[in-house]
Amino acid sequence: MTRRGYAPDYLSVQGVHAPRRLILERLVPQDASDADALPTVVARSRIGVRLLTSARHAPMPFTVRNVESDEIHFIQSGQVRFDTEVGSLQAEEGDFVCIPRSVAYRYAPIQGAMRSMIVECPSAASLTPPAPFGMINFARDVRYPKIDRELDAGGPGKLVLKTADEEVTTFVVPHDPLALGAQLSTAVPVWKLSLASIQLHTYEPHGGPPSMFLSTRNGESLMFNLSARSGGRPPVHVNADFDEVILYVRGPGAYGACTEPGTLTWVPKGVIHHGPSEAVPDGYQAWLLETRATLRFTPEALAASELMETGNYGPHPTAAA
Ligand SMILES: [Fe+2]
């Protein structure tokens, strides 16, 4: 069907299931000033999928183990050192770092500050591009942590277990659980991949939907590189199955009304939307999370964000007013 009016328009809205945009800089996470804090929750859902953000100035003085979710950390800015139970790695702006459920880790900004966006999925996440090669060069671009023998095994230390009820349980342990001895297997479950190295998939000349590069085992969450690509603008549509979360990472080009690096947009499932053109000659970087979870912004995220129009993903006129 076609419609006679421009369907994404709305005059006003009341209630929690309404599209929003959040410039991450406007939400200062607790861990920015309190080294003992965990990342701040941006959105949560009934099925355990959560979005969080972190902006540390100091290293984590404890080790954390998420016992119920895989965590995908996207580094929006800064350089971050991750020490994990399977080795250490350094992540840069634009990198995804996947830490599967029950792998203990901690991280630290390398030069003063960092900002990350974290997706927590209760179902195991893995790289699942539509063809085994082409979109991701696994041999060249997927990196794994390595043992750092310089890590001091001395303690005591704190090991924090994170659970889905958002309680924390803290063990005091005599040794650093991340001080490793030898690697006994070639399989390392933690990985790093830069957004820029994920090649774009399009259907000439109309564009078509993007292709996922990551999915969870039960298919509840999918991730896509939504950076600039050739093709037409998406059709006006309703996503019957998924909430759509897009992080506009940086330009130079704009993604519709998204021009500030680190702008998160959320269109809940069933809300009609259009979406900006992705055919931007200057280029921009962005990624998309589609999740069957019905997300709900936290009070902190609601306060820092604004209502969004679903044509070009700018502030809704009532928000601007
Ligand atoms: Fe959509």
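What you are looking at is a predicted structure, and each value in this text was computed from that prediction instead of being measured.

## What to know about the packing of aromatic side chains
Each pair of aromatic rings is reported with the distance of its centres and the angle of its planes. A complete count under the given rule lists 10 aromatic pairs for this structure. Relative to Tyr 107, the ring of Tyr 105 has its centre 6.4 Å away and its plane inclined at 5 degrees; by these criteria the two rings are stacked. Given a relative accessible area of 3%, Tyr 105 falls into the buried group.

## A closer look at the pattern of salt bridges
For the structure shown, the criterion picks out 18 salt bridges. With its nearest N and O atoms 3.0 Å apart, the salt bridge here joins Glu 306 to Arg 21. Highlighted residues: Glu 306 in strand β21 (residues 306-307) and Arg 21 in strand β1 (residues 20-23), separated in sequence by 285 residues. Residue Glu 306 is classed as buried on the basis of its relative accessible area, which comes to 18%. The exposure class assigned to Arg 21 is buried, which follows from its relative accessible area of 5%. The partner of Glu 166 in a salt bridge is Arg 44, with the nearest N and O atoms 2.8 Å apart. Note that Glu 166 is positioned in the loop between β12 (157-162) and β13 (168-173) and Arg 44 in strand β2 (residues 40-44), a separation of 122 residues in sequence.

## Focus: the coordination of the iron ion
Octahedral metals with six donors have ideal donor angles of 90 or 180 degrees. Tetrahedral metals with four donors have an ideal donor angle of 109.5 degrees. Coordination of the iron ion by the protein involves His 237 (NE2), Glu 244 (OE), Glu 244 (OE) and His 273 (NE2), with metal-donor separations of 2.1 to 2.4 Å. One way to put it: the four donor atoms around the iron ion meet at angles of 58 to 171 degrees, and that makes the site irregular.

## As for the pairing of strand β6 (residues 80-84)
Counting buried positions along β6 yields four of five residues, so the element is predominantly enclosed. Bridging between β6 and strand β7 (residues 87-91) involves five bridges; their strand directions are antiparallel. Residue Val 80 lies in a different strand from β7, and its bridge partner there is Ala 91. Hairpin connection of β6 to β7: two residues between the antiparallel strands.

Conventions and cut-offs
Residues numbered from 1 in each chain as written. Predicted model: local features only at pLDDT ≥ 70, side-chain atom pairs only at ≥ 80, totals over all residues. Heavy atoms only, no water. Phe/Tyr/Trp six-rings, centres within 6.5 Å; stacked < 30°, edge-to-face > 60°. Buried < 20%, exposed > 50% of the residue type's maximum accessible area, 1.4 Å probe, protein only. Salt bridge = Lys/Arg side-chain N within 4 Å of Asp/Glu carboxyl O. Helix = DSSP H or I, 4+ residues; strand = E, 2+ residues; numbered from the N terminus. Donors = N, O, S within 2.8 Å, 3.2 Å for Na, K, Ca; no water. Tetrahedral: all angles 85-135°; square planar, octahedral: opposite > 155°, others 65-115°. Pairing = 2+ DSSP bridges.

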